[in-house]
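Fold and contact review
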Amino acid sequence: QLQASGGGLVQAGGSLRLSCAASGSIANIGLMGWYRQAPGEQREMVARITSVGVTHYGDSVKGRFIIYRDNAKKTVALQMNSLKPEDTSVYYCHAFLQASDNRRWSDYWGQGTQVTVSS
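Throughout what follows, the structure given in this document is the object of discussion. Source: prediction; values computed, not measured.

How each quantity is defined
- Residues numbered from 1 in each chain as written.
- Predicted model: local features only at pLDDT ≥ 70, side-chain atom pairs only at ≥ 80, totals over all residues.
- Heavy atoms only, no water.
- Salt bridge = Lys/Arg side-chain N within 4 Å of Asp/Glu carboxyl O.
- Buried < 20%, exposed > 50% of the residue type's maximum accessible area, 1.4 Å probe, protein only.
- Helix = DSSP H or I, 4+ residues; strand = E, 2+ residues; numbered from the N terminus.
- Core = buried A, V, L, I, M, F, W, Y, C linked by side-chain atoms within 4.5 Å.
- Contact = heavy atoms within 4.5 Å.
- Phe/Tyr/Trp six-rings, centres within 6.5 Å; stacked < 30°, edge-to-face > 60°.
- Lys NZ or Arg CZ within 6 Å of the ring centre and 35° of its normal.
- Polar contact = N/O pair within 3.5 Å; in protein donor to acceptor, adjacent residues only side chain to side chain.
- Pairing = 2+ DSSP bridges.
- Axes fitted to C-alpha atoms, helices over the stretch in contact; angles between N-to-C directions.
- Disulfide = S-S within 2.5 Å.

It is worth spelling out the pattern of salt bridges at this point. Evaluation of the coordinates by the stated rule reveals four salt bridges. We note a salt bridge from Arg36 to Glu44, for which the minimum N-O separation is 2.6 Å. Accessibility expressed as a relative area gives 5% for Arg36, which makes it buried. Between Asp87 and Arg36 there is a salt bridge, with its nearest N and O atoms 3.0 Å apart. With a gap of 51 residues between them, Asp87 in the loop between strand E8 (75-80) and strand E9 (89-99) and Arg36 in strand E4 (residues 26-37) connect regions that are remote in the sequence.

With 28 residues, the main nonpolar core has Trp34, Val46, Phe65, Ile67, Leu78, Met80 and Tyr91 as its most contacted residues. Secondary structure elements with two or more residues in this core: strand E1 (2-5), strand E3 (16-22), E4, strand E5 (44-49), strand E7 (65-70), E8, E9 and strand E11 (113-118). The contacts of Phe65, once residues within four sequence positions are left out, are Arg36, Val46, Tyr57, Leu78, Gln79, Met80, Asn81, Leu83, Asp87 and Tyr91.

Right, let's get into the environment of Trp34. Relative to the helices and strands, Trp34 is located in strand E4. Along the sequence, Trp34 and Ala95 sit 61 residues apart, while their C-alpha atoms lie 8.8 Å from each other.

A word on the packing of aromatic side chains. Under the defined criterion, the tally for this structure stands at one aromatic pair. Residues Tyr35 and Trp109 carry aromatic rings whose centres are separated by 5.1 Å and whose planes lie at 65° to one another, so their mutual orientation is edge-to-face. With Tyr35 in strand E4 and Trp109 in strand E10 (residues 105-109), this pair connects stretches of sequence that are 74 residues apart. Against the face of Tyr92 rests Arg43, its NZ or CZ located 3.9 Å from the ring centre.

This part takes up the side chain of Arg64. In this structure, Arg64 sits in the loop between strand E6 (55-57) and E7. Within the structure, the side chain of Arg64 is placed 2.9 Å from the backbone oxygen of Ser82, a separation counted as a polar contact. Reaching out from Arg64, the side chain makes a polar contact with the side chain of Asp87 at a distance of 2.7 Å. Residues within four places of Arg64 in sequence aside, it is in contact with Gln79, Met80, Asn81, Ser82, Leu83, Lys84 and Asp87.

What follows covers the sheet that holds E7. Whether parallel or antiparallel, the strands of a sheet pair through hydrogen bonds between backbone atoms. Across the sheet, which stays open at both edges, the four strands sit in the order E1-E3-E8-E7 with antiparallel pairing between neighbours. Only two strands of the sheet have a single neighbouring strand rather than two, namely E1 and E7. Strand-to-strand twist across the sheet, computed as the mean angle between neighbouring axes with direction ignored, equals 15°. With four bridges connecting them, E1 and E3 associate as antiparallel partners.

Take the state of the cysteines next. Here the structure, examined in full by the defined rule, presents one disulfide. Each sulfur in the disulfide pair Cys20 and Cys93 lies 2.1 Å from the other. Residues Cys20 and Cys93 are joined by a disulfide whose S-S torsion is about 50°; by sign, that bridge is right-handed. With Cys20 in strand E3 and Cys93 in strand E9, the pair connects residues that are 73 residues apart, well separated along the chain. Just as Cys20 is buried, Cys93 falls in that class too.

Pasting the structure below:
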């Protein structure tokens, strides 16, 4: 239901853009976001965006990352600037999706994409 892309290797100070697309029979999309999890660490919220565009960022990425969504295309993107080695992690997209058939809301996770920032 969620397909993420755009990870990779970048030098410190560089930029990367992650994208995530929802697919399937979807009536509505609610809150969308990006989370990350490094080895041995808990998953942490990076950025979230509501269906009307209200954003919320984790303290460690404020001022460096920007989250976007396109409701028509059912996508959410994360523009990551001024990357630091401590941003190295597996990034997961997340969304609340309402099914077209039974109108139920469920939350979904993308498969994860690796971001590695070298010093």
